[in-house]
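Next come the chains, spelled out residue by residue.
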Amino acid sequence: MHKTWQKGMATAAIAALLLAGCGTSKAPLQGMAEPPSSKSGEAAQPGTGGDKTITPPETSAPKPDPEKKELKIKTYYSDAQLEKLVQKDVTINIKQDQDKYLAALNQLKKSPDGNTIPLFKGFTYKSVGLKDGQLNLDVSIADEGRLGSGGEGMLLDALQKTMFQFSEIKSIEVLVDGKQVESLMGHMDLPHPIKRSKS
């Protein structure tokens, strides 16, 4: 009898422990269920904050666009045979009006298509600025930028046609590494300054 009672007590204790174990195993499950719901509640708040974080790039992405203006200009290149100038219409993006001079000059360094050759390849613009109607341009010319007499003549024409489309430019002073030179590449005379043609 005593042994049966002990067995019964032991069985009851084991059952109680098992029930308690189940209770604790259920508790973490409920506890686990609560954090996700609380987390999802929190996620909703940061989610809003997250949306705000995502939204600023979207709202700030258009912001540079209003700051930048698109300007359509004409630029000039050589044809593939280096025989004649070819005019191309391009669009430049500028923040301020004065930026258009350097932007236009940079267009002359790269060909818009495979049928034209950029005459200003190998040129580095050290400074570009307009003062009293004169565009002051200081350049450096790499060996790859040096052309024959025909190419140099077209280059000077391309420079004038591109820059004189801006009505405020009355003359262009071109320096090479800060100095006045008689010729850019030794073939054509370089006036100081190059003046806009009256015609």
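Whatever comes next refers back to the structure up there.
Below is a summary of the structure that appears in this document.

Reading the values: the criteria
Residues numbered from 1 in each chain as written. Predicted model: local features only at pLDDT ≥ 70, side-chain atom pairs only at ≥ 80, totals over all residues. Heavy atoms only, no water. Pairing = 2+ DSSP bridges. Helix = DSSP H or I, 4+ residues; strand = E, 2+ residues; numbered from the N terminus. Contact = heavy atoms within 4.5 Å. Axes fitted to C-alpha atoms, helices over the stretch in contact; angles between N-to-C directions. Core = buried A, V, L, I, M, F, W, Y, C linked by side-chain atoms within 4.5 Å. Buried < 20%, exposed > 50% of the residue type's maximum accessible area, 1.4 Å probe, protein only.

### Let's talk about the sheet that holds strand E4 (residues 123-131)
- With mixed pairing, the four strands of this open sheet are ordered in space as E4-E5-E6-E7. For this open sheet the edge positions go to E4 and strand E7 (194-195), each flanked by a neighbour on one side alone.
- Where helix H3 (residues 99-107) meets the sheet, it contacts E4 and strand E5 (134-141), and its direction lies at approximately 150° from that of E4.
- Along the sheet, helix H4 (residues 149-163) makes contact with E4, E5, strand E6 (171-176) and E7, crossing E6 at roughly 135°.

### Remarks on the pairing of E4
- With eight bridges joining them, E4 and E5 adopt antiparallel strand pairing. Within E5, the position partnered with Leu130 by the bridge is Leu135.
- Linkage of E4 to E5, two consecutive antiparallel strands, is achieved through a turn of two residues, within which Asp132 is found at a positive phi near 50°.

### Remarks on the nonpolar core
- Counting 35 residues, the largest nonpolar core has Phe120, Leu159, Met163, Ile172, Val174 and Leu184 as its most contacted members.
- Broken down by secondary-structure element, the contributors of at least two residues to this core are strand E1 (69-79), strand E2 (85-94), H3, E4, E5, H4 and E6.
- It is H4 that contributes the most residues to this core, six residues altogether.
- Those residues in contact with Phe120 that lie beyond four places of it in its chain are Leu108, Lys109, Tyr125, Leu155, Ala158 and Leu159.

### Focus on H3
- Burial in H3 covers these residues: Lys100, Tyr101, Ala103, Ala104, Leu105 and Gln107.
- Tucked inside the fold, the buried residues of H3 contact E1, E2, E4, E5 and H4.

### Digging into the sheet that holds E2
- Read across the sheet, three strands follow the order E2-E1-E3 without closing on themselves; strand pairing throughout is antiparallel. Either end of the sheet is taken by a strand with one partner, and the two such strands are E2 and strand E3 (116-117).
- By the bridge criterion, two bridges tie E1 to E3 in an arrangement that is antiparallel. Along E3, the bridge assignment pairs Asp79 with Thr116.
- Contacts from H3 reach E1 and E2, with the element oriented near 135° to E2.
- Packing against the sheet, H4 makes contact with E1 and E2, and its axis sits at approximately 160° to E1.

Functional significance is not addressed by these values, which are geometric in nature.
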